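# Understanding the architecture of this molecule
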Amino acid sequence: MDDSVVGAWAAGLPQLKRVELLGPFLVRAPAWQAFFRAHPDLEGFLITQSPRFDVECMRALVQSCPNLRELRLKEVGQLSDEFLVELKTLGRQLTYLDLSYPGNAEAIHESALIDFLAHVGSSLEHLDLSGITNVTDGVLFRGVKPHVLKLDTLILANTTQLTDAGVAEFFGTWQGAPLSKVDLARNPDLSDAALVALIQHSGENLAELNINGWKGVSEDALKHIPKSVPNLNKL
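Residues numbered from 1 in each chain as written. Predicted model: local features only at pLDDT ≥ 70, side-chain atom pairs only at ≥ 80, totals over all residues. Heavy atoms only, no water.

We now examine the overall build of the protein chain. A count of helices and strands for the protein chain gives ten helices and eight strands. A globule of 235 residues ought to have a C-alpha radius of gyration of about 18 Å, and the protein chain, at 19 Å, matches this closely. For the protein chain, the spread of C-alpha atoms along the principal axes amounts to about 60 × 30 × 30 Å. In the protein chain, which comprises 235 residues, the proportion classed as buried is 51%. Sequence-distant contacts, at least 24 apart, represent 82% of the contacts inside the protein chain between residues at least 6 apart. Accessible area for the protein chain stands at about 10,300 Å²; split by element, carbon and sulfur atoms hold 49% of it. Once the 20 positive and 29 negative side-chain charges of the protein chain are each reduced to a mean point, those two points are 3 Å apart. (Helix = DSSP H or I, 4+ residues; strand = E, 2+ residues; numbered from the N terminus. Rg over C-alpha atoms; globule rule 2.2 N^0.38 Å. Buried < 20%, exposed > 50% of the residue type's maximum accessible area, 1.4 Å probe, protein only. Contact = heavy atoms within 4.5 Å. Areas by Shrake-Rupley, 256 points an atom, 1.4 Å probe, with all protein chains shown as cover. Lys, Arg positive; Asp, Glu negative; His and termini not counted. Charge placed at Lys NZ, Arg CZ, Asp CG, Glu CD.)

In structure tokens:
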């Protein structure tokens, strides 16, 4: 898949409203920009692994597609704070957001994430910030807790600065609705306190839970899962 394919889609698929692609490596920035300009009614743009997708593409997407509701920029090599600045204009309409595993895990900073969530968090139902080094307890307390209250799915895998006490306090005080899917895998410092608080907050609603890599969780804490998570179907 290269520029010629995206160009053909821009000309020949005028009613396209949702695009989901894995590995469109060869599509260059000008082709993406032309595609967005040709699809002002685009509501979903979900891509994984697109090294040529840059901040100018992000700007063109936001400016050309004001009805965007779903966005996935997973494993995008150039993802950075600059992308978040452009995305802030979509505040109060994004429902699905996946910015996981950027090419540079440190290119998105804590302060930028907190400011960004203050602008877009009120409408989010799905949030995935996996693999971003600077996802900290501070992002939970100052970004998610006050601004993101409609979530159904929270995915923060491999965000190793999160602490057991911090995650426990977040779930213990967050006023967000109970979650149906939580993935906090590969966060080795999370343990009993985080698990118990998570279950107390969302246990009645949880259908999927991933705590793979929580190497310190006790048997007593794990027993809360069958006791208090009656609708779980994936663990």
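Before going further, it helps to spend a moment on the state of the cysteines. Per the counting criterion, the structure on display carries zero disulfides. Lacking any disulfide linkage, Cys57 is separated from the closest cysteine sulfur, that of Cys65, by 12 Å. Using a relative accessible area of 0% as the deciding quantity, one classes Cys57 as buried. For Cys65, a relative accessible area of 0% corresponds to the buried category. (Disulfide = S-S within 2.5 Å.)

Taken as a whole and judged by the stated rule, the model has ten salt bridges. The residue Asp98 makes a salt bridge to Arg72 at a minimum N-O spacing of 3.6 Å. Residue Asp98 is located in strand β4 (residues 96-98), and its partner Arg72 is located in strand β3 (residues 70-74); the two are separated by 26 residues in the primary sequence. Of the charged contacts in the structure, one is a salt bridge between Asp115 and Lys88, with a shortest N-O distance of 2.7 Å. (Salt bridge = Lys/Arg side-chain N within 4 Å of Asp/Glu carboxyl O.)

Packing of helix α6 (residues 137-147) against helix α7 (residues 164-173) leaves a shortest axis separation of 9 Å and a crossing angle of 15°. As judged from the angle between their axes, α6 and α7 are roughly parallel. For the crossing formed where α6 meets α7, the hand is right-handed. Where α6 abuts α7, its residues Asp137, Leu140, Phe141, Val144 and Lys145 lie against Gly166, Val167, Glu169, Phe170 and Thr173. Among the residues forming the contact of α6 with α7, the class breakdown is five nonpolar, two polar and three charged. (Axes fitted to C-alpha atoms, helices over the stretch in contact; angles between N-to-C directions. Parallel < 35°, antiparallel > 145°, perpendicular 65-115°, else oblique. Left-handed = near helix turned anticlockwise from the far one by under 90°. Nonpolar A, V, L, I, M, F, W, Y, C, P; charged D, E, K, R; others polar.)

Of all ten residues that make up helix α3 (residues 55-64), seven are buried, and the element is covered over most of its length. Turning to α3, its buried residues number three or more, namely Val55, Cys57, Met58, Ala60, Leu61, Val62 and Ser64. Where α3 is buried, its residues touch α2 (29-38), β2 (44-48), β3 and α4 (81-87). Its side-chain oxygen placed 3.1 Å from the backbone nitrogen of Glu56, Asp54 serves as the N-cap of α3. (Polar contact = N/O pair within 3.5 Å; in protein donor to acceptor, adjacent residues only side chain to side chain.)

The next subject is the sheet that holds β3. Read from one edge to the other, the open sheet built from eight strands follows the order β1-β2-β3-β4-β5-β6-β7-β8, with strand pairing classed as parallel. In this open sheet, the two strands that pair with only one neighbour each are β1 (18-22) and β8 (208-210). Here the average twist between neighbouring strands, direction ignored, is 5°. Note that β3 and β4 share three bridges and pair parallel. Each bridged residue has a counterpart across the sheet, and for Glu70 the counterpart in β4 is Tyr96. (Pairing = 2+ DSSP bridges.)

For the rest of this paragraph, the subject is the side chain of His39. Relative to the helices and strands, His39 resides in the loop between α2 and β2. On the basis of relative accessible area, His39 is assigned to the buried category, the value being 1%. In this structure the side chain of His39 is engaged in a polar contact, spanning 2.7 Å, whose partner is the backbone oxygen of Leu13.

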